[in-house]
Amino acid sequence: MSDLASLRMLNIGYGNLLMASRVVAIVSPASAPMRRLREEAAGRGKLVDATQGRRTRSILVTDSDHIVLSAINPETIAARLQGEGGAS
């Protein structure tokens, strides 16, 4: 069963999925440190833009040091991560 739990996918909006077990943090992009984090990740080639051209509403940090941008609110993603939405 632990293999299935580690393969659970998290819907981060607009048909984009992320492995739930890899998420370390979900943060709001509004602050200056988060803007710097985003710029530094882009410079290192570790930025994944999953907004589909929409406004960035949350930034997900993964254990592989990738930064993933999402157009879904952090609270919504957190609720999905806790099991209220999963991959749906």
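A few points on the structure. None of these values were measured; they are calculated from a predicted model. Along each chain, the written sequence defines residue order, and numbers are assigned to residues from 1. Given that this is a predicted model, residues contribute local features only at a pLDDT of at least 70 and side-chain atom pairs are listed and counted only at 80 or more, while totals for whole chains, interfaces and linings are drawn from all residues. Based on all heavy atoms of the structure, the side-chain values leave hydrogens and waters out of the count.

### Digging into the overall build of the protein chain
Next, step 1: Of the regular secondary structure elements, the protein chain holds three helices and six strands.
Next, step 2: For the protein chain, the sequential pattern of α-helices and β-strands runs α-β-β-β-α-β-β-β-α.
Next, step 3: When each of the 88 residues of the protein chain is scored for burial, the buried share is 34%.
Next, step 4: Residue exposure ignores everything except the shown protein chains as possible cover, and the areas themselves are Shrake-Rupley values with a 1.4 Å probe. Here the protein chain displays about 5,200 Å² of accessible surface, and carbon together with sulfur accounts for 52% of that area. Numbered from the N terminus, helices here are DSSP runs of H or I no shorter than four residues, and strands are runs of E no shorter than two. Any residue under 20% of the maximum accessible area for its type is buried, any over 50% is exposed, and the rest in between are partly exposed; the area is computed with a 1.4 Å probe on protein chains only.

### Digging into the nonpolar core
Next, step 1: Residues Leu10, Ile12, Leu18, Ala20, Val23, Ala50, Leu60, Val68, Ile72 and Ile77 constitute the largest nonpolar core, which totals 10 residues.
Next, step 2: When checking whether two residues touch, look at their non-hydrogen atoms; a contact exists if any pair is within 4.5 Å. With near-sequence residues (within four places) excluded, Ala20 lies in contact with Arg8, Met9, Leu10 and Leu81.
Next, step 3: Counting residues in hydrophobic clusters, the runner-up holds six residues, among them Ala41, Ile59, Val61 and Leu69. Put simply, buried Ala, Val, Leu, Ile, Met, Phe, Trp, Tyr and Cys residues joined by side-chain atoms within 4.5 Å make one nonpolar core.

### Examining the side chain of Thr56
Next, step 1: Mapped onto the secondary structure, Thr56 falls in the loop between strand E4 (47-49) and strand E5 (58-62).
Next, step 2: Judged by relative accessible area, Thr56 falls into the buried class, the value being 12%.
Next, step 3: Every residue in contact with Thr56, bar those within four places of it in the chain, is listed here: Pro29, Arg38, Thr51, Leu69 and Ser70.

### Here's the deal with the environment of Ile72
Next, step 1: Within the element layout of this structure, Ile72 appears in the loop between strand E6 (67-70) and helix H3 (74-84).
Next, step 2: For the pair Ile72 and Asn11, spaced 61 residues apart in the sequence, the C-alpha separation amounts to 9.5 Å.

### A short note on the pairing of strand E1 (residues 9-13)
Next, step 1: In terms of burial, E1 is a largely internal element, four of the five residues being buried.
Next, step 2: Between E1 and strand E2 (residues 16-19), which pair antiparallel and follow one another directly, the connecting turn spans two residues, one of which, Tyr14, has a positive phi of 55 degrees. In short, DSSP must find at least two bridges between two strands for them to pair.

Function-wise, these values are silent; they only describe arrangement.
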